[in-house]
Amino acid sequence: GAVVSQHPSWVICKSGTSVKIECRSLDFQATTMFWYRQFPKQSLMLMATSNEGSKATYEQGVEKDKFLINHASLTLSTLTVTSAHPEDSSFYICSASRQFSYEQYFGPGTRLTVT
Amino acid sequence: LAKTTQPISMDSYEGQEVNITCSHNNIATNDYITWYQQFPSQGPRFIIQGYKTKVTNEVASLFIPADRKSSTLSLPRVSLSDTAVYYCLVGPGGGADGLTFGKGTHLIIQP
C-alpha cells in the first residue's frame, strides 16, 4: 500500500513552453502533497506544500507564478512549469502523506529537460 | 529546523554491518529522527523513524542516545543493492510538514 505515481517519468520540452507533471496517490487519500526539486548530485529541495482544495504554500525563493500547483482531489496534484527555461531542467519529485501518518510516500520522480 | 551533519560518503563490503551516524545538536524536544534512502533517478524511500533509544524494523535499526544529539542508522549484512544515498532528517515527524533534506551520505557497497 501507499503507492505514489508520477506522470510523465521524463519529458523534454522547448524553452518557453509549459509542462504539466501529475502526482497521484494510487491506494490512499493524500491529505497533503509536496513538490520537491533535485538538481544533479544535490539534495532534494522542498518547493511547495499543497492541501486538497486550497492554495499551495510555496517555499521562499520559489516563484508561484512559474510553478503552478493544483491539488483538485485527495489523490491528484499537478505541477505546471510555465514558460520553462533550461535552468528549470531538474528532477521533480512529489510526495504524499495521509492523515495520522508520519511517513511521506514519494513518487518515482519526473526528469524535465528544457532545450 | 535542526541542522544535520552526516559523512558525505562511506564504503563497505557485502555482508558487513554498516553504521551511518548523523549529528543534530540543535534537535528540538518534539523532533523525530527519520532516515530515507534514495537510489539514482528515484524518489526517496522511508527507512526508519525514531524519537529515542532504539528502533528496529525489518530493514534497519536506529540508535539514539539519551541526549538525542546524534543518531546512528545501522544496516545489517549489506548487499550491493544497498548502494544509495541515505538522508538523515530531523523534524516534527508529522506527515503534514515538508521535509528538509541535508546532503546525505553516499554509501557504496563493494563485492
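What counts, and at which threshold
- Residue indices follow the written sequence of each chain, beginning from 1 at its first position.
- Chain letters and ligand numbers both follow the written order, the letters beginning at A and the numbers at 1.
- Thresholds applied to this predicted model are a pLDDT of at least 70 for local features of residues and 80 or more for the giving and counting of side-chain atom pairs; totals over whole chains, interfaces and linings are not thresholded and use all residues.
- Side-chain calculation: all heavy atoms of the structure are included, whereas hydrogens and water are not.
- Numbering goes from the N terminus for both helices and strands, where a helix is a DSSP run of H or I of at least four residues and a strand is a run of E of at least two.
- Each residue gets one of three labels from its accessible area relative to the maximum for its type: buried under 20%, exposed over 50%, partly exposed in between, using a 1.4 Å probe on protein chains only.
- In what follows, residue pairs with any heavy atoms lying within 4.5 Å of each other are defined as contacts.
- Counting rule for disulfides: a pair of cysteine sulfur atoms within 2.5 Å.
- By convention, a stacked pair of Phe, Tyr or Trp rings (six-membered ring in the case of Trp) has centres within 6.5 Å and planes under 30 degrees apart, an edge-to-face pair has planes over 60 apart, and any other such pair is tilted.
- Two conditions define a charge sitting above a ring: the NZ of Lys or the CZ of Arg must be within 6 Å of the ring centre, and it must be within 35 degrees of the ring normal.

(A) The arrangement of the environment of Thr34 of chain B in detail. All names here are of chain B. Within the secondary structure, Thr34 is located in strand E3 (residues 32-38). Residue Thr34 is classed as buried on the basis of its relative accessible area, which comes to 9%. Distance from Thr34 to Gly104, taken between C-alpha atoms, is 12 Å for residues 70 residues apart in sequence. Setting aside residues no more than four positions away along its own chain, Thr34 makes contact with Phe46, Ile48, Gln49, Tyr87, Cys88 and Leu89.

(B) Examining the state of the cysteines more closely. One pass over the structure, following the stated rule, counts two disulfides over all chains. The residue that forms a disulfide with Cys23 of chain A is Cys94 of chain A, at a sulfur-sulfur distance of 2.0 Å. Note on the Cys23 of chain A and Cys94 of chain A pair: the S-S dihedral is about 80°, so by sign convention the disulfide is right-handed. Of this pair, Cys23 of chain A sits in strand E3 (residues 19-25) while Cys94 of chain A sits in strand E9 (residues 90-97); the two residues are 71 residues apart in sequence, bridging distant segments of the chain. Across the pair, Cys94 of chain A and Cys23 of chain A agree in class, each one buried. The disulfide partner of Cys22 of chain B is Cys88 of chain B, and the S-S distance across this bridge is 2.2 Å. Linking Cys22 of chain B and Cys88 of chain B, the disulfide has an S-S dihedral of approximately -80° and is accordingly described as left-handed. Taken as a pair, Cys22 of chain B in strand E2 (residues 18-23) and Cys88 of chain B in strand E8 (residues 84-91) lie far apart in primary sequence, 66 residues in all. Exposure remark for Cys88 of chain B: the relative accessible area of 0% places this residue in the buried category. The thiol sulfur of Cys13 of chain A is not disulfide-bonded, and the nearest other cysteine sulfur, from Cys94 of chain A, lies at 18 Å. Given the relative accessible area of 9%, Cys13 of chain A is considered buried.

(C) The arrangement of the packing of aromatic side chains in detail. Under the definition given, this model contains ten aromatic pairs over all chains. On the basis of an interplanar angle of 75° and a centroid distance of 6.0 Å, the ring pair of Phe106 of chain A and Phe101 of chain B is categorised as edge-to-face. Of this pair, Phe106 of chain A sits in strand E10 (residues 105-106) while Phe101 of chain B sits in the loop between E8 and strand E9 (105-110), placing the two residues on different chains. Each of the two residues, Phe106 of chain A as well as Phe101 of chain B, counts as buried. Members of the aromatic cluster, connected to one another through ring pairs, are Tyr36 and Phe106 of chain A together with Tyr36, Phe46, Tyr87 and Phe101 of chain B. We note Lys66 of chain A situated over the ring of Phe67 of chain A; from NZ or CZ to the ring centre the distance is 6.0 Å. In this arrangement the basic side chain of Arg68 of chain B is found over the ring face of Tyr51 of chain B, its NZ or CZ atom lying 3.9 Å from the centre.

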